[in-house]
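Each chain, written out:
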Amino acid sequence: MDPECSRLLPALCAVLADPRQPVTDDTCIEKLLDWFTAVTEEGSSLLLLQENPCLVELLSHTCRSQEVSPRVLTFALRLVGVFAAQESCFQYLQGELVPGLFGEAGPLSSPAWTAPSVRSGWVHGLCSLARHPSAEQFLATSGALDTIFSLQGDSSLFVASAASQLLAQVLALSLQDLATAQRGSLDGRWPPCAQSILGFLEGSLRSGAVPPVTQALKVLTSTFRRCHQPWTEALWDRLGPLVSSLLETDLTPTARWLADLFLSMGRSPVFASPDCDLWLTLARTLSCLSPAQRGPLALGILKLPACPQPLWTQAFGILLQPLAFILEAAARPPGAPGLPAVPEGSPAMAEAVLASTSSCAGLLCHSLAHLGELHLLESVASPALKAGTLQPQPDALPSPVTPQQSWPQAALLEATVTTLHFCIGSGVPTPGPGARLCRLLASCVRVQRAALDFLGTLSQGIGPRELVTQAFAVLLQYLSSPDSSPTVLKKTFQATLQWLLNSSRTCGTCDADPHVQGFLTGLFPMVQKRLCSPSWEVRDSALEFLAQLTTHWGGRPNFRQVLLASNVPDLARQLLQDPEGYVRASAVAAVGQLASQGLHATPAGLEHPGVQQKFLLPELLHMLTTDPEGFPRRAVVRVFTQWLQDGHAEVARDPEQLVAHVVQAVSQDLDWEVRVQGLELARLFLEQTPGPPAQVLQTLCHVQVLDLALRSLFDCDRPVARKSCDLLLHLRARTAPDGKGLQGPGHHPDGPAVEAALRAWRAGEQGPPLGELGPEVAATILQTLDLEGLQASLAESSDHVEQSPQSLLQDMLASVGTLGGQEADCY
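Residues numbered from 1 in each chain as written. Predicted model: local features only at pLDDT ≥ 70, side-chain atom pairs only at ≥ 80, totals over all residues. Heavy atoms only, no water.

## A look at the environment of Val 666
Threshold: Helix and strand definitions here come from DSSP, where helices need a minimum of 4 consecutive H or I residues and strands a minimum of 2 consecutive E residues; each element is numbered from the N-terminal end. Contacts were defined at the residue level, with two residues in contact if any of their heavy atoms lie within 4.5 Å.
Checked against the element boundaries, Val 666 lands in helix 34 (residues 655-666). Sequence-wise, Val 666 and Arg 633 are 33 residues apart; in three dimensions their C-alpha atoms are separated by 9.1 Å. Those residues within four positions of Val 666 in sequence are excluded, and the remaining contacts are Val 637, Val 674, Arg 675, Gly 678 and Leu 708.

Structure representation (structure tokens):
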């Protein structure tokens, strides 16, 4: 421990022990506990207590006194747990403190026990110390175990949750010496502590009451999640029949906890055998749960590495069932390839889908989301997905989701498109379920968003040409519909971009795909319409889509032809004057990307990039200096940086002039992100500036890059100062690789003097340090400044001094007598 902290600690302990002194706030107490935890992790807790006897005196006083506040008592309980986590220190404290705080004679019978914070402190203290055999013996003989049992039903959910975690930890601790015990070897030979816990769990599972059953399931889930030793199989042999019997009761209140328990077991290698009865229990659970409860469990099963094929098929079919019902309701041919038919003898799915809008939307959204997550996992693990199938590949890496049947790309695509038709009112259902679905899903934004997300996901596979055409058609329908909300339109643009980009990937080029070309012809009138929308969110989404599509397809002849035949480039240019700042920022990005590709249109529809680009650069520079919001100004600097990087024709003609204008503007900008972007532009200009060191420095001085960098080095916004320091380090490495550089005139001042002069110069109190900023003066400054030290200092958090233990103790002591009844977090 730091000597200064040791000096301050007695005074703080005296304050905490004095009931007349106002105790500081909970935040400081938590920080103090974190500090003690870090100290004990680095060294001996016993040595810490011996060197700082004031800590033992505080804990002893807390144990004996009846006037200690609940906050101080909670702190003492948790602190003893931190110290007693080391067995040597536990034995040192066992004489009075451990029994006095955690035994039957502890705070359980005191009025303070009514405070949830004290009960929580007691549980967390035991969680910290229950790590060694001495702690297990204490728990078994002190009566603490009975208290843990009673806290499973505590009125505070936080206390009950922590108590269930503690019980699982104690069970694992009591069995740690039996890590290699095999199945059947523990019959009648469970350790006393484990025997008590198992008896309690058995009683809870037999009770039939929801709270104790739920707590028992949570304890078992924590146990199987953290312990993968062979004894867990013996544990399941003993408790498994009781857990399985719950499947014969109403599962509504316990379904979630049963699913969590079975999935935690399924992830353990102990239960990985295909003959394990866990898999039969999971299959039975899937059959017992309601349609709304099956989805999460089915997805979890599909992620289990050791899942047997029959169970995998059953779980996958459950995820597909809501979409299969959609196809049946839409009068599609029964038994669509790849989707399971809804069992006629089990109307639960039909009843759930048709019950209400919320029930229907919930089932469909969960099914679409779960299938999308599964598709994402498979696309990472299996290259077969790029071919539209989930068949396993011989040389594929092992995946947590093992593909065991074909991915029904065509059926899923048809069902998703049909769902979108139902939502927009363009479906043609049969009388009965189909008509009911149309009414339930009409204008359901929640389902529209989920279906559009999944439709975009399906673009990664290959489907029949007819269905791909239908997918593009429904996207156009949503883009043109006046009923599409701004969020739905944003999702539509995202799905459209995915389909266009993936279609070009699968076909090689969009120019070779006639139906994509036809889609583009119908697309740009819709983009044009949305660019004129009264909703700024819609205008913003359309501009983002335009910028992204141009980035990927700006060089394709057919795309250029269709784009230039529309008014989209001109409308995007006009939106630079939009009243909404977000839209102006997106317009800058879109227009900048269009300009990079030379995509400007004249009334005749021909490309004349030089005509309009000639006036675009001054317009963007004007926005940089006059726009009242930061988002558009940041976008302008990003566009200029991209143009400089790409060698844009307008910039390549005179890059120094552009950089000089930008540097002058950003140096006076109040938005720190604009200044950071400006320094990034300056770094790129430095990398592109040829010549010897003197010439490079001369150029940077001429365009005021050095002026900007040196002024920003002590900027009040840390990201700006860090970016400036990085730039100057890069410049010094470029101009003085051998550490010598240019020889400046006169004497060389020391680093602190130059830093002080730079700060005064930035504040306007004096001129540039060492005279007018030229190559030799700049070289002298670069060699004199301790840039590495500044970089290390800037890398520290802004409150690293205030967060030091010494500062924490000082603040807690300073608050004594000043807080009174108005406690406040000093941080």
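## Remarks on unusual backbone geometry
Non-glycine residue Ser 443 carries a positive phi angle of around 60°. Its location among the elements puts Ser 443 in the loop between helix 22 (433-441) and helix 23 (445-458). The backbone of Gln 704 sits at a positive phi, close to 65°, despite the residue not being glycine.

## A short note on helix 42 (residues 805-814)
As a reminder of what qualifies: Accessible area is worked out with a 1.4 Å probe on protein chains only. A residue is then buried under 20% of its type maximum, exposed over 50%, and partly exposed in between.
Of the positions making up helix 42, those classed as buried are Ser 807, Leu 808, Leu 809 and Met 812. The inward-facing, buried residues of helix 42 contact helix 1 (3-17) and helix 2 (26-42).

## Here we look at the environment of Ser 481
Test applied: Here a polar contact means two N or O atoms within 3.5 Å. Within protein one must be a hydrogen donor candidate and the other an acceptor candidate, and residues neighboring in sequence count only if both atoms are side-chain atoms.
Mapped onto the elements of the fold, Ser 481 is located in the loop between helix 24 (465-480) and helix 25 (486-507). Sequence separation between Ser 481 and Met 526 is 45 residues; the distance between their C-alpha atoms is 9.6 Å. Not counting residues within four places of it along the chain, the set of residues in contact with Ser 481 comprises Ile 424 and Arg 530. A distance of 3.1 Å separates the side chain of Ser 481 from the backbone nitrogen of Asp 483, its partner in a polar contact.

## With respect to the nonpolar core
For clarity, the threshold we go by: Among buried residues, the Ala, Val, Leu, Ile, Met, Phe, Trp, Tyr and Cys ones that are joined through side-chain atoms within 4.5 Å form a nonpolar core.
Of all hydrophobic cores here, the largest spans 273 residues; its most connected members are Phe 36, Phe 83, Phe 102, Trp 122, Leu 500 and Leu 620. In terms of residue count, the dominant contributor to this core is helix 18 (residues 309-329) (12 residues). Leave out the neighbours within four places in its chain, and Leu 500 touches Phe 472, Val 516, Phe 519, Leu 520, Leu 523, Phe 545, Leu 549 and Trp 553.

## Examining helix 30 (residues 581-596)
To be explicit about the condition: Here the expected length of a helix is defined as 1.5 Å per residue gap, with one fewer gap than residues.
Spanning 16 residues, helix 30 covers 23 Å between terminal C-alpha atoms, matching the ideal 22 Å at 1.5 Å per step. In terms of burial, helix 30 is a largely internal element, 13 of the 16 residues being buried. Of the residues trailing helix 30, Gly 598 is marked for its positive phi of about 70°.

## Side note on the packing of aromatic side chains
Selection rule: Note on aromatic contacts: the rings of Phe and Tyr and the six-membered ring of Trp form a pair at centre separations within 6.5 Å, being stacked when their planes are under 30 degrees apart, edge-to-face when over 60 apart, and tilted otherwise.
Tallied over the full model, the rule gives 19 aromatic pairs. Where Trp 312 meets Phe 316, the ring centres are 5.2 Å apart and the plane angle is 40°; that geometry is what we call tilted. With Trp 312 and Phe 316 both in helix 18, this residue pair falls four residues apart, about one helical turn. Overall, Trp 312 belongs to the buried group, its relative accessible area being 0%. The interplanar angle of 75° and the centroid separation of 6.2 Å between the aromatic rings of Trp 553 and Phe 559 together place this pair among those described as edge-to-face. Assigned by exposure class, Trp 553 and Phe 559 land together as buried.

## Some points on the pattern of salt bridges
Let me state the cut-off plainly: In the sections that follow, a salt bridge refers to a side-chain nitrogen of Lys or Arg positioned within 4 Å of a carboxyl oxygen of Asp or Glu.
A complete count under the given rule lists 22 salt bridges for this structure. When the shortest N-O distance is used, the salt bridge between Asp 717 and Arg 675 registers 2.7 Å. Highlighted residues: Asp 717 in the loop between helix 37 (705-712) and helix 38 (718-735) and Arg 675 in helix 35 (residues 672-688), separated in sequence by 42 residues. Within the structure, one salt-bridge network assembled from shared partners comprises Arg 584, Asp 627 and Glu 629.

## Re the environment of Gln 561
Along the polypeptide, Gln 561 turns up in helix 28 (residues 557-564). Taking the relative accessible area as the measure of exposure, Gln 561 reaches 58% and is therefore exposed. For the pair formed by Gln 561 and Thr 521, sequence separation is 40 residues and the distance between their alpha carbons is 9.8 Å.

Keep in mind these values describe shape, not function.
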